[in-house]
Amino acid sequence: MNTAGHSEATERRGLELTPFRGLRYDPDRVGSLAAVTSPPYDVVVRPDGVHHLQSADPHNIVRLILPQAGTPSARTGQAADTLRRWQAEGILALDPEPGLYVYEQRDDNGLLQRGVIGALRVSEPSEGVVLPHEEVMPPVVADRAALMRATSANLEPLLLTYRGDGTAAEVVEATTGRPPLLATTTEDGFHHRLWSITDPAEVARIQSDLGHHQALIADGHHRWATYLRLRAEHASPSPWDYGLVLLVDTARYPLRVRAIHRLLHGLPVADALTAVEGHFRVRRLDVTLPKAQEALADAACAGNAFLLAGDGTFHLLDRPDPDLLARTVPADRPAPWRTLDATVLHTTLLEHVWHIPEDSPAHIAYIHDAAATVTKAEQDGSTAVLMHPVREEVVRDLARQGVTMPRKSTSFGPKPASGLVLRALDV
């Protein structure tokens, strides 16, 4: 084997980010840019969050990313019609020339995140360029694919991370010294700014640097899987060979990693506790949510731990029976995977103890906000399972080994706001 040639080929294979003509709201045609933005589609707590966003402005992006209609085909058709109408009316307009976009998020507590938005060449996980770390749910991929087909657009960017601190980062920093295309503050307190990079030399410097790196999918596994599916449906070359992403250099701007919590529909807390009796140590915590999460963090240092809620108090589950884990957790995976809280939750608790199908929306919901999960559990008489976050190093190490974590294991952030820049594929 020619190892030198192999090494050169490997070095050449990296991130391929290309400019595009951004489709953006005309600020003169909407109430405010903040009022038309939304969190990513899978972070919106439905239906309350959808209604709140829809009422914020008649042109809120949620009408495209989460259209409301009676059937799947009616929803995707509605989104496509809405997008075409907004373009015809000038609500959304294409930027005059292709560019990459520098995006900044900042809060009042010192958090600062900057990255580059562009159209990234879609690649299979086996190529080692874009590394997924979570499994996906096929019905969600099918839903997102139908929406992208109907609209012929990437409506919101995925969040990818890489570790560089090189030329691309220098161009990003220099760009933020210029007047932005837009600046707005959303109701969550985040300040957003966006710039375009159209100078060929600056674009080339970013592309050259990124070409030496691989990226980790931080948020957007289902949309990346959708990109792969839609690329396969179209003869190459086509616009579907690329997908809209935000690339953040975590060597310079580390992301926060949070847990995604579970809401178990139709399972009262009392029944959940009865089922785990003898399998986990269970302690009742009559404390506030922040104090309960502190107790969860302490317990998680020693092993698998979960918080159950929904009956007006909290129940800390820890110290699982080793024999139970040996019987229920697959032994053919690396030890870091076998000991993940998400692994134990899905393979042991959901499948063997509570008998809940993890891919059924009728039985389980995935919610990013702990307080919202607890509130909905108390309203519905169901069980909230609160998780402790995984460290980013564990996520990246598993991804490099080609090992995917259970679905919805992590929540990286801050996530890009949807509605600041879209990518139309039919231009």
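Residues numbered from 1 in each chain as written. Predicted model: local features only at pLDDT ≥ 70, side-chain atom pairs only at ≥ 80, totals over all residues. Heavy atoms only, no water.

**Points about the nonpolar core**
Now for step 1: The biggest cluster of nonpolar side chains holds 113 residues, and the ones touching the most others in it are Trp224 and Trp354.
Now for step 2: The leading source of residues in this core is helix α14 (residues 341-353), at six residues.
Now for step 3: When neighbours within four sequence positions are excluded, Trp354 is seen to be in contact with Leu264, Leu267, Ala272, Ala275, Val276, Leu308, Leu345, Leu349 and Val385.
Now for step 4: Membership of the second largest hydrophobic core comes to 19 residues, among which are Leu289, Ala292, Leu316 and Ala377. (Core = buried A, V, L, I, M, F, W, Y, C linked by side-chain atoms within 4.5 Å. Buried < 20%, exposed > 50% of the residue type's maximum accessible area, 1.4 Å probe, protein only. Helix = DSSP H or I, 4+ residues; strand = E, 2+ residues; numbered from the N terminus. Contact = heavy atoms within 4.5 Å.)

**Points about empty space enclosed by the protein**
Now for step 1: Following the criterion strictly, the structure yields five cavities of 30 Å³ or more and no others.
Now for step 2: If you add up the space inside the largest cavity, you get close to 130 Å³.
Now for step 3: Residue lining of the largest cavity: 16 residues in total, with Asp42, Glu134, Asp219, Gly220 and Lys408 positioned closest to the centre.
Now for step 4: At the level of secondary structure, the elements contributing two or more residues to the lining of the largest cavity comprise β11 (215-219) and α9 (221-233). (1 Å grid on protein atoms, 1.4 Å probe; cavity = no way out; pocket = protein on both sides within 12 Å on 5 of 7 lines; lining within 4 Å. Points joined across faces, edges and corners; volume = space filled by probe spheres on them.)

**As for the packing of aromatic side chains**
Centre distance and the angle of the planes are the two values used to describe a pair of aromatic rings.
Now for step 1: On inspection of all chains with the given rule, the structure shows four aromatic pairs.
Now for step 2: Aromatic side chains Phe20 and Tyr101 sit 5.3 Å apart centroid to centroid with 55 degrees between the ring planes, which places their arrangement in the tilted category. Of this pair, Phe20 sits in the loop between β1 (17-18) and β2 (22-25) while Tyr101 sits in strand β4 (residues 100-106), and the two are 81 residues apart along the sequence. Neither residue differs from the other here; Phe20 and Tyr101 are each classed as buried.
Now for step 3: Geometrically, the ring pair formed by Tyr25 and Trp86 is tilted, given 6.2 Å between the ring centres and 50 degrees between the ring planes. With Tyr25 in strand β2 and Trp86 in helix α5 (residues 72-88), this pair connects stretches of sequence that are 61 residues apart. The residues Tyr25 and Trp86 share a single accessibility class, namely buried.
Now for step 4: Positioned above the aromatic ring of Tyr41, the side-chain terminus of Arg144 is 3.9 Å from the ring centre.
Now for step 5: A cation over an aromatic ring shows up here: Arg333 above the ring of Trp337, its NZ or CZ 4.3 Å from the ring centre. (Phe/Tyr/Trp six-rings, centres within 6.5 Å; stacked < 30°, edge-to-face > 60°. Lys NZ or Arg CZ within 6 Å of the ring centre and 35° of its normal.)

No statement about biological role is implied by the geometric values presented.
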